[in-house]
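# Tertiary structure, described
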Amino acid sequence: MKPQAPSDHYVAPYDAGISFDELPDSAPSARYSPSWTGWVGIVVVGFWVFIAIFGPWLAPMGENELPFPDDYSEFQLPRPGAWLGTDESDRDVLSRLMYGAGRTIGISFMATVLAYFIGVILGIGAAISTPRVDMIVSRINDAFLSLPTIMLGLVVVAAVGSSIPVLIITAGVIYATVVFRLARALGQEIMVMDFVEAARVRGEGRWWIITREIWPNAAMPLLTDFGLRLIYVILFISSLSFLGLGVQPPQADWGSMVRENLGALSYGASVIPVVAPALAIATLTVAINLVVDDLSAHSGGKLSKRL
Amino acid sequence: MTGLILKRLGIGLVTVLAVSLIIFFGTKILPGDAAQIRLGQSATPENVAAFRARLGLDKPYIVQYLVWLKNFMMGDLGTSLASDVPISDLIADRYKNTVFVSALTAAIGVPISLALGIMAAMYPGTLYDRVLTLVSVSLVAAPEFFTATLLVLLFVFVLGIGNAIVVGSTEGKGLFELISHFALPITTLCFVIASQLIRMSRAAVLNVMSSPYIEMAILKGVPRRRIIFRHALLNAIGPIVNVVALNLAYLVTGVIVVEVYFGYNGLATLIVQGVQTRDYVLIQGLGMIFCLTYVILMLIADIAAYASNARLRHPK
């Protein structure tokens, strides 16, 4: 998050005296127009989401098909029929990349949604429950939070083996701890605001307060954080796959493609099989980061800065 | 202040216990039983039972856990299931590479990143600052193996120096030889921590720069350089130590990926092997070592944050 208010993009809704930082966090106004870095991010993310959804139909061949069955040789240079060359088993790199997009992005997206589902419910629940319950849940959460995520991932994969559902649930639960902290802090912050107190004095029920008072105010910071969290989950899933503990061969995913083809760096004809998936992950995560940065600058990243 | 630090140390201790519980019982849900794995499928039930008794696996989980924890604290990490070698011997062969690479990364990466970050804070909004911010925003989100691939392409394929894969033993090599041996892994890790460090140290200094006493100094006409070094930096030391410790803790993940990428023997490749061979004794021992390092660095980060806060140091 940028530490300074991007005053050059922002038009204050009131004329006099109210500076950008004094406004509460709010949804980006209809006037939100991305800066050029924001546009770059949106275009790149859009491109990868398109590939992730339609990749298997657009791919020139199956992910494990050989483009040149009569001419078997690993790490072939690009030529007609295999526009990105072939990998260590002579499979088409372009097709594997397109199949892998759906797996890398799909798993990460579902894991992040799961993390939000668990984290937001428990976090806002903890914020509005009794101090004792809040303390117990928070302490347990802190214990998990104080572990390197990759270590938790390794222990789980060692224990139950690796499959796509296991990956989604593991990443979802691990990253729920971070979401929990954010949701709880937001919940607590909003709980003490006047309009919530007013609602309580009015005699509104707990559920009404959560859905009508807290959620609309917590939604925007949580949505910006969703993008950040998605980046970390993509990196986490890709790192696990890179270590050989994520998506299992022969299924393609970007992290495991880098691992499979590492040999290309020392004795392959073509380094594209390593560079292409690594570049794909990097462009995707950097693009999401650009969008998040731009969005949080426009919507007033005050809360997220403090957390 | 002392009370706060003691409290934080207490929380740290509880965390370590919680971590040991998670690691121990997390690996306990492994299918199959240690004695069966060690003796192989052909072992008779009597042999397996006798071996279980020797390993203490016939006792309740909670007793096993306490014995394991006691042994860990005494430095006894048990015996590997996959290779029947004491874990401490496996570690002794490999820890040097991991420690060497991490230490050199810290020694080179931290000062350079801090200098870059503080320079950016000194001249916010200039071209230098914007370029640096854009580069670090991009690098922070890129995976370690992307940075590593870029460096390999640059050094090995374009400049023709260095080796993509670290091979051979490091025994009996001089310091300089070792550094050139590990140049690519160390550079990769330096980039990994630099991207975070630059952003966070810049933010830490800018945060101090926006406090009223700095405004006062600016209004008095104190030169900017003097404000930074005499007024701001002293108060930013705590946040900066906090940031450094946090980033060294993040290094744990980076080290694992980089060791596998460059294929040299270290503690991280050992634990990945442990996961692949389901050698849970190895995972428990090494997992504890990694998590302890992480927890201790986090502890330092928190204590630095307390120590830097004058309001906490001198309560009313």
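Residues numbered from 1 in each chain as written. Chains lettered and ligands numbered in written order. Predicted model: local features only at pLDDT ≥ 70, side-chain atom pairs only at ≥ 80, totals over all residues. Heavy atoms only, no water.

### Some details on the packing of helix H9 (residues 183-209) of chain B against helix H11 (residues 224-262) of chain B
Residues and elements named next belong to chain B. Selection rule: Note on geometry: axes are lines fitted to C-alpha atoms, helical ones only across the stretch in contact, with angles between N-to-C directions running from 0 to 180 degrees. Runs of E in the DSSP output that reach at least two residues are strands. Runs of H or I that reach at least four are helices, and both are numbered from the N terminus. By the definition adopted for this analysis, an angle is roughly parallel if under 35 degrees, roughly antiparallel if over 145, roughly perpendicular if from 65 to 115, and oblique otherwise. Working rule for handedness: look at the near helix, and if it is turned counterclockwise from the far one by less than a right angle, call the crossing left-handed; if clockwise, right-handed. Each residue gets one of three labels, nonpolar for Ala, Val, Leu, Ile, Met, Phe, Trp, Tyr, Cys and Pro, charged for Asp, Glu, Lys and Arg, and polar for the others, Gly among them.
One way to put it is that H9 packs onto H11 with a least axis distance of 7 Å and a crossing angle of 150°. Judged by the angle between their axes, H9 and H11 are roughly antiparallel. Of the two elements, H9 crosses H11, and the hand of that crossing is right-handed. The residue makeup of the contact of H9 with H11, split by class, is 24 nonpolar, 6 polar and 1 charged.

### Here's the deal with the confidence of the model for chain B
Defined as follows: Per-residue confidence from the prediction method is given by pLDDT, with values spanning 0 to 100.
Averaged over all residues, the pLDDT of chain B is 79; the fraction at 70 or higher stands at 89%. Across the whole predicted complex the pTM is 0.82, and at the interface the ipTM reaches 0.81.

### Observations regarding the interface of chain B and chain A
Under the convention used in this document: Contact criterion: two residues are considered in contact whenever any of their non-hydrogen atoms come within 4.5 Å of each other. Note: buried area is the sum, over both parts, of the accessible area (probe 1.4 Å) each one loses when the two are combined. Here a polar contact means two N or O atoms within 3.5 Å. Within protein one must be a hydrogen donor candidate and the other an acceptor candidate, and residues neighboring in sequence count only if both atoms are side-chain atoms.
Across the boundary between the two partners, chain B contributes 48 residues, which contact 46 residues of chain A. Between chain B and chain A, roughly 3,800 Å² of surface is buried when both sides are summed, and carbon and sulfur atoms account for 78% of that area. Scanning the region where chain B abuts chain A turns up 0 residue pairs in polar contact (both at pLDDT 80 or more). Secondary structure elements with two or more residues in the side of chain B that touches chain A: helix H1 (2-28), helix H6 (127-140), helix H7 (144-158), H9, H11, helix H12 (267-276) and helix H13 (280-308) of chain B. Here the residues of the side of chain B that touches chain A sort into 35 nonpolar, 9 polar and 4 charged.

### Some thoughts on the pattern of salt bridges
All names here are of chain A. Formally: What makes a salt bridge here is a side-chain nitrogen of Lys or Arg within 4 Å of a carboxyl oxygen of Asp or Glu, nothing more. Burial classification: accessible surface area is computed with a 1.4 Å probe over protein chains only, and a residue below 20% of its type maximum counts as buried, one above 50% as exposed, and the rest as partly exposed.
Applying the stated criterion to the full structure yields 10 salt bridges over all chains. Where Arg91 meets Glu88, a salt bridge forms, and the shortest distance between an N and an O atom there is 3.2 Å. Classification of Arg91 as buried rests on a relative accessible area of 9%. Asp134 is the partner of Arg184 in a salt bridge, and the nearest nitrogen-oxygen pair spans 2.7 Å. In this pair, Arg184 sits in helix H5 (residues 164-191) while Asp134 sits in helix H3 (residues 131-145), placing the two residues 50 residues apart along the sequence. On the basis of relative accessible area, Asp134 is assigned to the buried category, the value being 10%. The structure contains a network of salt bridges with shared partners spanning Asp87, Glu88, Arg91, Arg96 and Glu260.

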